[in-house]
Amino acid sequence: MPLSRRTMLTSMAAMAVIPSWSFAAEPRRILLAYYSYTGNTRSVAEKLQAHVGAQLLEIKMADPYPSDIRKATERSRHELESGELPALLGYPYDVSDYDLILVGGPVWWNTVAAPVMSFLERTDFRGRSVGLFATYALTPSHYESNFAAQAHNASFLPDLMVNEFDLANGQAGDAITSWASHYLLKDRPRAL
Ligand SMILES: Cc1cc2nc3c(=O)[nH]c(=O)nc-3n(C[C@H](O)[C@H](O)[C@H](O)COP(=O)(O)O)c2cc1C
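Scoring rules and cut-offs
Residues numbered from 1 in each chain as written. Predicted model: local features only at pLDDT ≥ 70, side-chain atom pairs only at ≥ 80, totals over all residues. Heavy atoms only, no water. Helix = DSSP H or I, 4+ residues; strand = E, 2+ residues; numbered from the N terminus. Contact = heavy atoms within 4.5 Å. Areas by Shrake-Rupley, 256 points an atom, 1.4 Å probe, with all protein chains shown as cover. Near = heavy atom within 4 Å. Polar contact = N/O pair within 3.5 Å; in protein donor to acceptor, adjacent residues only side chain to side chain. Nonpolar A, V, L, I, M, F, W, Y, C, P; charged D, E, K, R; others polar. Core = buried A, V, L, I, M, F, W, Y, C linked by side-chain atoms within 4.5 Å. Buried < 20%, exposed > 50% of the residue type's maximum accessible area, 1.4 Å probe, protein only. Pairing = 2+ DSSP bridges. Right-handed = clockwise from strand over helix to strand, strands pointing away. Salt bridge = Lys/Arg side-chain N within 4 Å of Asp/Glu carboxyl O. Phe/Tyr/Trp six-rings, centres within 6.5 Å; stacked < 30°, edge-to-face > 60°. Lys NZ or Arg CZ within 6 Å of the ring centre and 35° of its normal.

Turning to the overall build of the protein chain, a few remarks are in order. Check the secondary structure of the protein chain and you find seven helices and seven strands. Moving toward the C terminus, one meets the helices and strands of the protein chain in the order α-β-α-β-α-β-β-α-β-α-β-β-α-α. Relative to all contacts within the protein chain whose residues are 6 or more apart in sequence, the contacts with residues 24 or more apart total 79%. Here the protein chain displays about 11100 Å² of accessible surface, and carbon together with sulfur accounts for 53% of that area.

Before going further, it helps to examine the site of the ligand. As a matter of local geometry, the ligand sits amid 19 residues, with Ser36, Thr38, Thr41, Val107 and Leu138 nearest to it. A distance of 2.7 Å separates an oxygen atom of the ligand from a polar backbone atom of Asn40. At a separation of 3.1 Å, an oxygen atom of the ligand approaches a polar backbone atom of Ala137. Considering the ligand on its own, with 640 Å² of exposed area, one finds that the protein chains cover 87% of that surface. Partitioned by chemical class, the residues of the shell around the ligand number eight nonpolar, 10 polar and one charged.

Attention now moves to the nonpolar core. Of all hydrophobic cores here, the largest spans 32 residues; its most connected members are Val103, Val116, Phe119, Leu120, Phe125, Tyr143 and Phe147. Breaking this core down by element, the ones donating at least two residues are strand S1 (30-34), strand S3 (100-108), helix H4 (114-121), strand S5 (129-136) and helix H5 (143-150). Among the elements that take part in this core, H4 stands out by supplying five residues, more than any other. Apart from residues lying up to four places away in sequence, Leu120 is in contact with Val103, Phe125, Phe147, Gln150 and Ala151.

Moving on, we get to the pairing of S1. Most of S1 sits inside the fold, with five of its five residues counted as buried. Both faces of S1 are covered, namely the face carrying Ile30, Leu32 and Tyr34 and the face carrying Leu31 and Ala33. Taken together, the five bridges between S1 and S3 define a ladder with parallel strand orientation. Across the sheet, the residue bridging to Leu32 is Leu102, located in S3. In terms of handedness, the path from S1 via helix H2 (residues 40-52) over to strand S2 (residues 55-58) forms a crossover that is right-handed.

Okay, the pattern of salt bridges next. The full count for this structure, using the stated rule, is eight salt bridges. Here Glu58 and Arg42 are joined by a salt bridge, their closest N and O atoms 3.0 Å apart. With Glu58 in strand S2 and Arg42 in helix H2, the pair connects residues that are 16 residues apart, well separated along the chain. Given the relative accessible area of 30%, Glu58 is considered partly exposed. Given the relative accessible area of 27%, Arg42 is considered partly exposed. Across the pair Arg70 and Asp68 runs a salt bridge, and its minimum N-O distance is 3.9 Å. The class for Asp68 is partly exposed, based on a relative accessible area of 27%.

What follows deals with the packing of aromatic side chains. Scanning the entire structure with this criterion turns up 10 aromatic pairs. An angle of 25 degrees between the planes, with centres 6.1 Å apart, marks the rings of Tyr143 and Phe147 as stacked. Highlighted residues: Tyr143 and Phe147, both in helix H5, separated by four residues, approximately one helical turn. A relative accessible area of 0% means that Phe147 is categorised as buried. Relative to Phe156, the ring of Phe147 lies with its centre 6.0 Å away and its plane at 75 degrees, an arrangement referred to as edge-to-face. Among the aromatic residues, those joined into a ring-pair cluster are Tyr35, Tyr37, Tyr65 and Trp108. The lysine or arginine in question, Arg77, covers the ring of Trp109, its NZ or CZ lying 4.3 Å from the ring centre. Across the ring face of Tyr91, the terminal group of Arg122 is positioned such that the distance to the ring centre comes to 4.5 Å.

This is how it looks when you write it as structure tokens:
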């Protein structure tokens, strides 16, 4: 049946205002990997996860540190000084399904905690965006630069460093929320 002139004009007018492509919200696929010994980094990871709905991955060691913190401290120091990084459970991790990989861990001995170093060493970040977050007691020190040196081929978002005392006092919430909304929740353009 032939279209009426009015129908044709209406259709043409609609086509003129609707572009052939548009911006649409497409959820980012986010992996949130973290290691935590005393629970601080886990707490940040869970807060971030509540904001961005990422897939959580706890980095687990094949031979976990003892609960005696002095023994764990001695061992971790030896691992970092000698470069004999601890074996992990379930590696290598395939991150190719994710657009963005968040990696969290504690500052240990002024640098990246040994299990997180292991994770970075065994993961191929080629073509991926990485957002690092860490918790610390006194200063993040060389965490960021040492992390970047170990995570080959990644492009980095600005990082999130959380002081453990701010976390314990409930004063880190705004910084965590702000980081998540600025860097993790952006919509990406998608061709329709
Ligand atoms: C072995 C060890 C070494 C640490 N070294 C540092 C350090 O160099 N600088 C610092 O600010 N905090 C240091 N801390 C404190 C931790 O970074 C802090 O408590 C962090 O929030 C712990 O995170 P977690 O609870 O996720 O394990 C160290 C803690 C441990 C157990």
